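Read off the chains here:
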There are 2 protein chains.
Amino acid sequence: MSLEKAAEFLLGHDNYHILTHANPDGDTLGSGYALCLALQQLGKNAGVINTELPKKYLYLTDGVREQDFEAQTVVSVDVADEKLLDSNRPRYEGKIDLCIDHHSINRVNAPLKHVDSEAAANCEILYRLFPIMGVTMTKQIADCLYTGVSTDTGCFRYDNTTADTLRIAADLLEAGAQHAYINKVMFETKSKKQLALEQAVCDTITYYFDDRVAMIAATLEMRRKLGVADDELEGLASIPRRIEGVLVGITLREREEGGFKVSVRSDSHINAAQLCAKFGGGGHAAAAGCTVKGSLEEAKQKLADALEEFL
Amino acid sequence: MSLEKAAEFLLGHDNYHILTHANPDGDTLGSGYALCLALQQLGKNAGVINTELPKKYLYLTDGVREQDFEAQTVVSVDVADEKLLDSNRPRYEGKIDLCIDHHSINRVNAPLKHVDSEAAANCEILYRLFPIMGVTMTKQIADCLYTGVSTDTGCFRYDNTTADTLRIAADLLEAGAQHAYINKVMFETKSKKQLALEQAVCDTITYYFDDRVAMIAATLEMRRKLGVADDELEGLASIPRRIEGVLVGITLREREEGGFKVSVRSDSHINAAQLCAKFGGGGHAAAAGCTVKGSLEEAKQKLADALEEFL
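All of these numbers come straight from a predicted model, not from anything done at the bench.

Peer 1: Just checking my understanding: could you explain the overall build of chain A for this structure?
Peer 2: Helix and strand content of chain A: 11 helices and 11 strands. For chain A, the spread of C-alpha atoms along the three principal axes comes to 55 × 40 × 35 Å. Looking at chain A as a whole, 55% of its 311 residues are labelled buried. For chain A, the exposed area adds up to about 12700 Å²; of that, 47% sits on carbon and sulfur atoms. Placing the 33 positive and 46 negative side-chain charges of chain A at their respective mean positions leaves the two points 3 Å apart.

Peer 1: What am I meant to see in the sheet that holds strand 8 (residues 248-254) of chain A here?
Peer 2: For sheets, the rule is that strands pair by backbone hydrogen bonds, running either parallel or antiparallel. All names here are of chain A. Strands sit in the order 6-7-8-9-11-10 across an open sheet of six strands; the sheet is mixed. Whereas interior strands pair on both sides, the edge strands pair on one side only; in this sheet they are strand 6 (206-208) and strand 10 (282-283). Pairing geometry for strand 6 and strand 7 (residues 213-218), over three bridges, is antiparallel. What sits directly across from Y207, in strand 7, is A214. Strands in contact with helix 11 (residues 296-308) are strand 6, strand 7, strand 8, strand 9 (260-266) and strand 11 (287-292); relative to strand 8, the strand with the most contacts, it is inclined by about 150 degrees.

Peer 1: How should the interface of chain A and chain B be read in this particular structure?
Peer 2: It is common to give the size of an interface as the accessible area that goes away when the parts come together. Counting residues at the interface gives 39 residues for chain A and 39 residues for chain B. Taken together, both faces of the contact between chain A and chain B bury some 3600 Å²; the carbon and sulfur share is 52%. The largest share of the area that chain A buries against chain B comes from R157(A), E188(A) and R242(A), three residues that together contribute 19% of it. At the boundary of chain A and chain B, one finds six salt bridges. D171(A) serves as the salt-bridge partner of R167(B), at 2.7 Å between the closest nitrogen and oxygen. Between chain A and chain B we count 14 residue pairs in polar contact (both at pLDDT 80 or more) in total. At the level of elements, helix 6 (163-174), helix 7 (179-188) and helix 8 (192-202) of chain A are the ones that each hand at least two residues to the side of chain A that touches chain B. No other element matches helix 6 of chain A, which puts eight residues into the side of chain A that touches chain B.

Peer 1: So what exactly am I meant to see when it comes to the sheet that holds strand 1 (residues 16-19) of chain A here?
Peer 2: Residue and element names in this part refer to chain A. Strand order in the open sheet formed by five strands is 2-1-3-4-5, with parallel pairing between adjacent strands. Of all strands in the sheet, those bounded by a partner on one side alone are strand 2 (46-49) and strand 5 (112-115). Averaged over all adjacent pairs, the angle separating strand axes in this sheet is 15 degrees, with direction ignored. Packed on one face of the sheet, helix 2 (residues 26-41) meets strand 1, strand 2 and strand 3 (73-77) and runs near 170 degrees to strand 2. Sitting on the sheet, helix 4 (residues 122-133) is in contact with strand 3, strand 4 (98-101) and strand 5, with an inclination near 115 degrees to strand 4.

Peer 1: Explanation requested: the confidence of the model for chain A in the structure shown.
Peer 2: Interpreting fine coordinate detail is not advised for predicted regions of low pLDDT. Taken residue by residue, chain A gives an average pLDDT of 94. The fraction at 70 or more is 100%. If you check the scores for this complex, the pTM reads 0.80 and the ipTM reads 0.78.

Peer 1: Help me understand the layout of surface pockets in this model?
Peer 2: A water-sized probe, rolled over the atoms, reveals where empty space remains. Residues and elements named next belong to chain B. The computed volume of the second largest pocket comes to approximately 210 Å³. As for the second largest pocket, its lining consists of 14 residues, and the residues nearest its centre are G47, V48, V64, R65 and E66. When residues of the lining of the second largest pocket are traced back to their parent elements, those giving at least two are helix 2 (26-41) and strand 2 (46-49). With four residues, strand 2 is the single largest residue contributor to the lining of the second largest pocket.

Peer 1: Got a minute to help me understand the nonpolar core in this structure?
Peer 2: Grouped together as the largest cluster of nonpolar side chains are 106 residues, with contacts concentrated most on L10(A), L129(A), F130(A), L10(B) and F130(B). Residue contacts for F130(A): discarding those within four places in its chain leaves A34(A), L35(A), A38(A), V135(A), I141(A) and L145(A).

Peer 1: How should I be thinking about the packing of helix 1 (residues 3-12) of chain A against helix 4 of chain A in this particular structure?
Peer 2: Each pair of packed helices can be described by the angle between their axes along with the distance between the axes. Residue and element names in this part refer to chain A. In the contact formed by helix 1 and helix 4, the axes pass within 9 Å of each other and the chain directions differ by 60 degrees. Comparing the axis directions of helix 1 and helix 4 gives the class oblique. As for the relative orientation of helix 1 and helix 4, their crossing is right-handed in sense. On the side of helix 1, the interface is formed by L3, E4, A6, A7, L10 and L11, while helix 4 contributes I125, R128, L129, I132 and M133. Looking at the contact of helix 1 with helix 4, its residues break down into nine nonpolar, no polar and two charged.

Peer 1: Please clarify how the environment of K5(B) should be interpreted in this entry.
Peer 2: With respect to the helices, strands and loops of the structure, K5(B) is situated in helix 1 (residues 3-12). We classify K5(B) as partly exposed; its relative accessible area is 48%.

Peer 1: What is the right way to look at the packing of aromatic side chains in this model?
Peer 2: Each aromatic ring pair is described using two quantities: the centre-to-centre distance and the angle formed by the ring planes. One pass over the structure, following the stated rule, counts five aromatic pairs over all chains. Arranged with centres 5.6 Å apart and planes meeting at 85 degrees, the rings of Y59(A) and Y181(A) form a pair that is edge-to-face. Taken together, the positions of Y59(A) in the loop between strand 2 and strand 3 and Y181(A) in helix 7 put the pair 122 residues apart, joining distant regions of the chain. Overall, the relative accessible area of 40% leaves Y181(A) in the partly exposed class. Linked through ring pairs, Y146(A), F156(A), Y146(B) and F156(B) together constitute an aromatic cluster. The aromatic ring of Y207(B) is capped on one face by K192(A), whose charged end is 4.0 Å from the ring centroid.

What counts and what doesn't
- Residues numbered from 1 in each chain as written.
- Chains lettered and ligands numbered in written order.
- Predicted model: local features only at pLDDT ≥ 70, side-chain atom pairs only at ≥ 80, totals over all residues.
- Heavy atoms only, no water.
- Helix = DSSP H or I, 4+ residues; strand = E, 2+ residues; numbered from the N terminus.
- Buried < 20%, exposed > 50% of the residue type's maximum accessible area, 1.4 Å probe, protein only.
- Areas by Shrake-Rupley, 256 points an atom, 1.4 Å probe, with all protein chains shown as cover.
- Lys, Arg positive; Asp, Glu negative; His and termini not counted.
- Charge placed at Lys NZ, Arg CZ, Asp CG, Glu CD.
- Pairing = 2+ DSSP bridges.
- Contact = heavy atoms within 4.5 Å.
- Axes fitted to C-alpha atoms, helices over the stretch in contact; angles between N-to-C directions.
- Buried area = accessible area lost by both parts, 1.4 Å probe.
- Salt bridge = Lys/Arg side-chain N within 4 Å of Asp/Glu carboxyl O.
- Polar contact = N/O pair within 3.5 Å; in protein donor to acceptor, adjacent residues only side chain to side chain.
- pLDDT = per-residue confidence, 0-100.
- 1 Å grid on protein atoms, 1.4 Å probe; cavity = no way out; pocket = protein on both sides within 12 Å on 5 of 7 lines; lining within 4 Å.
- Points joined across faces, edges and corners; volume = space filled by probe spheres on them.
- Core = buried A, V, L, I, M, F, W, Y, C linked by side-chain atoms within 4.5 Å.
- Parallel < 35°, antiparallel > 145°, perpendicular 65-115°, else oblique.
- Left-handed = near helix turned anticlockwise from the far one by under 90°.
- Nonpolar A, V, L, I, M, F, W, Y, C, P; charged D, E, K, R; others polar.
- Phe/Tyr/Trp six-rings, centres within 6.5 Å; stacked < 30°, edge-to-face > 60°.
- Lys NZ or Arg CZ within 6 Å of the ring centre and 35° of its normal.

Set out below in structure tokens:
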């Protein structure tokens, strides 16, 4: 459906639950809170439903009012598949009224969908949607949208960044987005513990396929020893991809419940989403994730085996 | 002088030597080669005079013609002080005809100066200058200008990034700048050796003033052991500033000739340029450099003493 139709739908309904995906990132949370602020500005009831809200994203909730109401309308943002609702899946599966997303493969089962895979970030879509709805851009909304646009493009570093992305970011700066603060929190700040963990994780680097693939691992033992929470591990995923000559960088994070949460970062040579799909995961061509069972050695071997056909 | 006057001067002369600063970065080199390409496009003779050209910047020379001519006109780009010409100083000191710069303190002795400290990068100034000169934007010029704009803003992460900066970057993308390649080379790629060096350097972290200051050091011994060249050390400077709670991050790189090359990165609390000025160096409020003599312990102590009055 067109953006105009999506705007019409949103204006014609009320009492919104806005769903974000599990292991939330800046784009799904930025989208969620931006839409919530926009709907509340129009006099509607709205709330964001997350599986979790890591501390560093708390500023996104500035200006959001807590409202007590019964959900009538459900909208998902940046959710490619209802599986990714995780702990919210039982309550909301099959009940999404409108899905707004930018993933090239979207499997959400909803009567109304606006999916624009040309958008570098889902927040770009909302940036275009809000004026059609008559929403006034505020500093708070600009902070949310900037967060999504910046995080999904690696702060405008990645290939998905377009001239449009940069012009939208320019407008958001003019609307008051606290860009330097946001980028510092999202990309630069690490605790002493995280730095120590990175040191430990870098010691685990193993190379495959003539150094074209590099894997690193964060084990539960390392995390316990250093006292690092799971949500502090996000930055690790970009480490192996940065090594000269490495086409695919893979980061394994051991899970409390067994097995490994796997992040794949890839150059243009290999489609990370296709690789992860082999393990029931998904994402984008350059960045995707999945879960792999077994011991660390087994998990690495499974990934190496799956990579064989791509290289 | 105004941009219009600078354009008039450049159109009215010929046989250019374009000077960049020592320890060159993306903005001085991007400015140098962009201006060289622009002048050659207008049928003039021009060459860029560097103290060195690190390998990763080689793409900036794409499309630049080697011309054999006698220098008649000297222009400096992104050079705040003639001292920074280093090995080129004896030949060019006092002979600069036009100085184009964006540093808030510019000490170059030249009859004509266009200094715009509002510009996040010197390349922003050239982006505005070229249309006045009638220069056609090419992919090669766009690559050079994008390199300067991106590197001097930490890929649009830092506080100096403005809406204008982002719109200029958008235009450069549309002109064909290979942004993803440039950002990968400038910000992401590190060799296995560099990664190992980072590991070693992080082990040297020391904190001062209740952890508000962090210092790291790369010694000649580490470099020799790992076989890392001096120009591969650039990325180290951003490490200490990234630690949560750290206001000033200081990186010391031991010099072959004794003493340490010092990079200071600072939050808004402390002016890095003022600190470095105490040791005869300079730069910007957020990022500056200087040289400090003595052993590692002595150098660190001198820096800590100098910091005392700022904290």
